[in-house]
Amino acid sequence: MKVNKSVLTFTIAGSVLVGGYAASTAFAANNTTAKTEQSSTASQQAKPDFGGMKLGFGGFGARGGHGGFFGGNPDGLLAKAKSLGISTSGKDADTLMKEIRDLTLKQEAKKLGISTSGKTIDKLAQEVELKRLQNQAKKLGASIKGKTAETLMNDIHLAKLKKEAKALGVATAGKDEQTLRQDVQKAALTKKAKELGVGTSGKDVQTLQQDVFTAQEKKDAKKYGISLTGKDIRQAAQEVQSAKVKAEAKKFNIKIDGKSIRQIASEVMDLKVKKLAKDLNISTTNKTTRDLLQEIKDKNPDKMCWAAMASA
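The rules behind these values
Residues numbered from 1 in each chain as written. Predicted model: local features only at pLDDT ≥ 70, side-chain atom pairs only at ≥ 80, totals over all residues. Heavy atoms only, no water. Buried < 20%, exposed > 50% of the residue type's maximum accessible area, 1.4 Å probe, protein only. Helix = DSSP H or I, 4+ residues; strand = E, 2+ residues; numbered from the N terminus. Arc of directions from axis to C-beta. Contact = heavy atoms within 4.5 Å. Salt bridge = Lys/Arg side-chain N within 4 Å of Asp/Glu carboxyl O. Core = buried A, V, L, I, M, F, W, Y, C linked by side-chain atoms within 4.5 Å. Axes fitted to C-alpha atoms, helices over the stretch in contact; angles between N-to-C directions. Parallel < 35°, antiparallel > 145°, perpendicular 65-115°, else oblique. Left-handed = near helix turned anticlockwise from the far one by under 90°. Nonpolar A, V, L, I, M, F, W, Y, C, P; charged D, E, K, R; others polar.

With respect to helix α4 (residues 74–83)
What α4 keeps buried is the set L77, K80 and A81. End-on, the buried residues of α4 take up no more than an arc of 100°, which puts them together on one face. Residues of α4 that are exposed and angled more than 90 degrees away from the buried face: D75 and K82. Buried-residue contacts for α4 involve α5 (93–111) and α12 (289–299). Positive phi appears at G85, one or two residues downstream of α4, with a value of about 80°.

Examining the pattern of salt bridges
Counted under the stated rule, the structure contains 20 salt bridges. Among the ionic pairs, D232 bridges to R234, the shortest N-O distance being 3.0 Å. D232 gets classed as partly exposed once you look at its relative accessible area, which sits at 31%. Salt bridges linked by common partners bring K98, R101 and D102 together as one network.

Focus on the environment of S143
Among the structural elements, S143 can be located in the loop between α6 (121–139) and α7 (149–167). Looking at S143, the relative accessible area reads 44%, which means it is partly exposed. Each C-alpha atom, one on S143 and one on D155, is 8.5 Å from the other, the two residues being 12 residues apart in sequence. Dropping the residues within four chain positions of it, S143 is found in contact with L152 and D155.

Remarks on the nonpolar core
Membership of the largest hydrophobic core is limited to nine residues, which are M269, V273, L276, A277, L280, I282, L292, L293 and I296. Elements supplying a minimum of two residues to this core: α11 (261–279) and α12. Per-element tally for this core: the top contributor is α11, with four residues. Contact partners of I282, with chain neighbours within four places excluded, come to A277, K287, L292, E295, I296 and K299.

Examining unusual backbone geometry
Look at N253: it is not a glycine, yet its phi comes out positive at around 55°. Along the chain, N253 turns up in the loop between α10 (233–251) and α11. For N281, which is not glycine, the phi dihedral falls at a positive 60°. By secondary structure assignment, the location of N281 is in the loop between α11 and α12.

Structural notes on the packing of α6 against α7
Helix-helix packing is described using two parameters, namely the angle between the two axes and the distance between the axes. Contact geometry of α6 with α7 gives a least axis separation of 10 Å together with a crossing angle of 30°. Taken as axis vectors, α6 and α7 run roughly parallel relative to one another. The way α6 lies across α7 gives a crossing that is left-handed. Here L130, L133, Q134, Q136 and A137 of α6 come into contact with α7, specifically with A149, L152, M153, I156 and K160. For the contact of α6 with α7, the residue count by class is seven nonpolar, two polar and one charged.

Function cannot be inferred from these measures alone, as they are strictly geometric.
Quick look at the structure:
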């Protein structure tokens, strides 16, 4: 049974969001595609995100405009501005987004010991992002001397990949990044397949990936009382995902009346991130979910696996 990659990716992201099983490496939709996307978005990833606004294309969200983290939600935007002491009277969304971005960036720079005097916002953003990456690289034991932000990102990615390989018992010596990624993916898939009683003999990664995904969805469908009769795995996956999100919403006493699954999932994620932040002794006062995710990433990168997937 073929599995639609977009459905696979969405469902896995949701599974991680609500405490599911998937691991980012084990269930990458396609190694070649993932590598291509990583390469094509490297410059965008190098641009930091402050207060939920990526710097680039005018500094208001990934593609310009004022969508960004607030997604066109004026209440969220006004609340964020007020929490930072920014006057909102007579200001449109773009103006507020710029003021929030600039102030948040300067606050971040101060925390990192970076001088803001005489620097443009773009220059300051580059310095802050470089410092963040340097701190993350140091935690992973990677050298930072003379390295650009893009090089550091690659080093961090490779260090995390090697750490995952070690946990799975995969040898790393003499392997380039692509080979290592493939071996880690296969090992993680094989491990999950055994847990689900799925045979692995003679299967390539794509086939094993589809079989594991299908087996997990069938298992979850049974758990949530979802009939699979007359349905393909894509439809079943969507129903399972909806059931999972609603179950999580119930745990958090979130009302679902009139809300879409995406809206419910977003509320669940907000509360899960706040809970994780509190567990890590990170203050949640006057902070958006994106603010908290960044702090968790900076202080406890190992805790970011599920969160990163959930926000994909």
